[in-house]
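Listed below, chain by chain, are the residues.
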Amino acid sequence: MCSLTTSTARRFLGRAFATVLAAALAACIPTAARAATATHHAPATTASAQASCGVLASGASATAEAAVNAACSQIGVWYSWGGGHGATPGPTYGYYDGSDPDSMHDDERLGFDCSGLMRYAYYRATGKDLLNGTANDQFHTSKAAARFSAGQGTGPLVPGDLMFWGSGHIHHVALYLGAGQMVEAYESGTHIRVTAARTGGDYAGAVRINPTGAPTPPPADGGTVFETWGTGVRTHSTPSVRSAVVDTFAGPTQVSVQCQEHAETVTADGYTNDAWSRLSDGSWLTNIYVKGPAWLPGVPDCGGDSPAPPSGGSKAHQTWGTGVRTHSQPNVNAAVVDYFAQPTTVNVVCQTHAQQVTAEGYTNDAWSKLTDGSWMTNIYLKGPAWLTDVPTC
């Protein structure tokens, strides 16, 4: 998602929301898939608007030019919070962001948010879902062929480069067209537009996507593959930043994680975490620079610890959907605790009525508390809206 707004308060809220979602993963954001009977529709695209959007400079790959053309084909379509994050890239209905009055009708607007538009553009250009996730995820993508700092401005950019905004955590992304212009899904209440490229304020730099659409091949020596983010990231001989440096990753890459453990607490790039991952070469990497929640799902504890078995009369329930998150509180804006890439089994302790959520065509205010203390909206639990075999918290 993106949250570029016209006021300081809304900008802050957008960053907070993006921070929560970035710990994820990623990138799948619940969207309100509704019947196409909305009261708000995008206006017809005018010929003049179309003419102002396109490849405006040379130097881009054929893939990047195709991405520009795909994004430009959506000029005039609604901005919609959460739009474009369905199972397949393309416009979807969004949902109310919880703070911006202009967002209250996003569940009736078929369209894209900023990262949803970028995802769609490169999907149309490559046939691959390269950029499934938030603006923050896209900034840290492993599919980058080149990266440009904010200080470089638009000088080195070519059409199809992704431009990002955010201080510490990325909250907005747009597609560069050339000639100092860009196309973006800006904010609720507006339509996809062409505007002058902004390089002031909290502009964070740009990323050029690998025209082959291919990430670095994963390691072949076992473990669970995760993507890193950041530049100049170091691995160490022990789980401590004071130990010998084993390797340095110039940019995002893929690593094979064998196990993880709690060790030295590290603060970096706005995060604090004491979790470290042991890689297949025996080196250690702070989990801060591994995409995913602070404690990686599906990775064993290096000490051999296993999760506590279901207790307290919990009930096993099946989830559905992909990229489903659990939170520290029964609220989608609360910190992300875990991320389920695929359907799984969870153990539910109790349930309560809390924040109302609209996602995947359902609306429900019921949340389930899991055995690890995290919360999950009942929308993604198979069964009735209020689980019949689970007590009230």
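The structure under discussion appears in the preceding block.
What you see is a predicted model, and the numbers here were worked out from it, not measured in a lab.

J.: When you look at the environment of S283 in this model, what are you seeing that I'm missing?
T.: Mapping S283 onto the fold places it in the loop between β14 (271-279) and β15 (284-286). For S283, a relative accessible area of 1% corresponds to the buried category. For S283 and R234, which are 49 residues apart along the polypeptide, the C-alpha to C-alpha distance reads 9.7 Å. Every residue in contact with S283, bar those within four places of it in the chain, is listed here: T235, H236, V246, S277 and R278.

J.: Where do I start with the state of the cysteines in this structure?
T.: Evaluated as defined, the whole model comprises two disulfides. The disulfide partner of C53 is C72, and the S-S distance across this bridge is 1.9 Å. Torsion about the S-S bond of the C53 and C72 cystine: about -75°, corresponding to left-handed handedness. In this pair, C53 is assigned in the loop between α2 (47-51) and α3 (62-72) and C72 in helix α3, connecting sequence segments 19 residues apart. As far as the burial class goes, C53 and C72 line up, both buried. The disulfide that involves C350 links it to C393, with 2.0 Å between the sulfurs. An S-S torsion of about 95° defines the bridge between C350 and C393 as right-handed. Here C393 lies in the segment after β21 (375-377) and C350 lies in strand β19 (residues 345-359), a separation of 43 residues in the sequence.

J.: Would you mind showing me how to read the packing of aromatic side chains here?
T.: Any aromatic ring pair is given by two values, namely how distant the centres are and how the planes are angled relative to each other. A complete count under the given rule lists seven aromatic pairs for this structure. Residues W320 and Y362 carry aromatic rings whose centres are separated by 6.2 Å and whose planes lie at 70° to one another, so their mutual orientation is edge-to-face. With W320 in the loop between β16 (315-318) and β17 (324-327) and Y362 in strand β20 (residues 362-370), this residue pair connects regions lying 42 residues apart in the sequence. By relative accessible area, which is 26% here, W320 ends up partly exposed. A centroid spacing of 5.2 Å and a plane angle of 40° characterise the contact between W320 and Y380, whose relative ring orientation is tilted.

J.: Please clarify how the pairing of strand β9 (residues 203-209) should be interpreted in this entry.
T.: In terms of residue burial, β9 counts as a mostly covered element, since five of its seven residues are buried. Direction of pairing for strand β5 (residues 162-165) relative to β9: antiparallel, over a ladder of four bridges. Opposite W165, over in β9, you have Y203 as the bridge partner.

Conventions and cut-offs
- Here the residue numbers are simple positions, counted from 1 along each chain's written sequence.
- Thresholds applied to this predicted model are a pLDDT of at least 70 for local features of residues and 80 or more for the giving and counting of side-chain atom pairs; totals over whole chains, interfaces and linings are not thresholded and use all residues.
- Computation of side-chain values covers all heavy atoms of the structure but excludes hydrogens and water.
- Numbering of helices and strands runs from the N terminus; a helix is a DSSP stretch of H or I covering at least four residues, while a strand is a stretch of E covering at least two.
- The buried label goes to any residue with under 20% of its type's maximum accessible area, the exposed label to any with over 50%, and the partly exposed label to all in between, with areas taken from a 1.4 Å probe on protein chains only.
- For this analysis, residues touch if any pair of their heavy atoms sits within 4.5 Å.
- When two cysteine sulfur atoms lie within 2.5 Å, the pair is treated as a disulfide.
- Side-chain rings of Phe, Tyr and Trp (the six-membered ring for Trp) are treated as a pair once their centres are within 6.5 Å; stacked means planes under 30 degrees apart, edge-to-face means over 60, and tilted covers the remaining angles.
- If DSSP finds at least two bridges between two strands, the strands pair.

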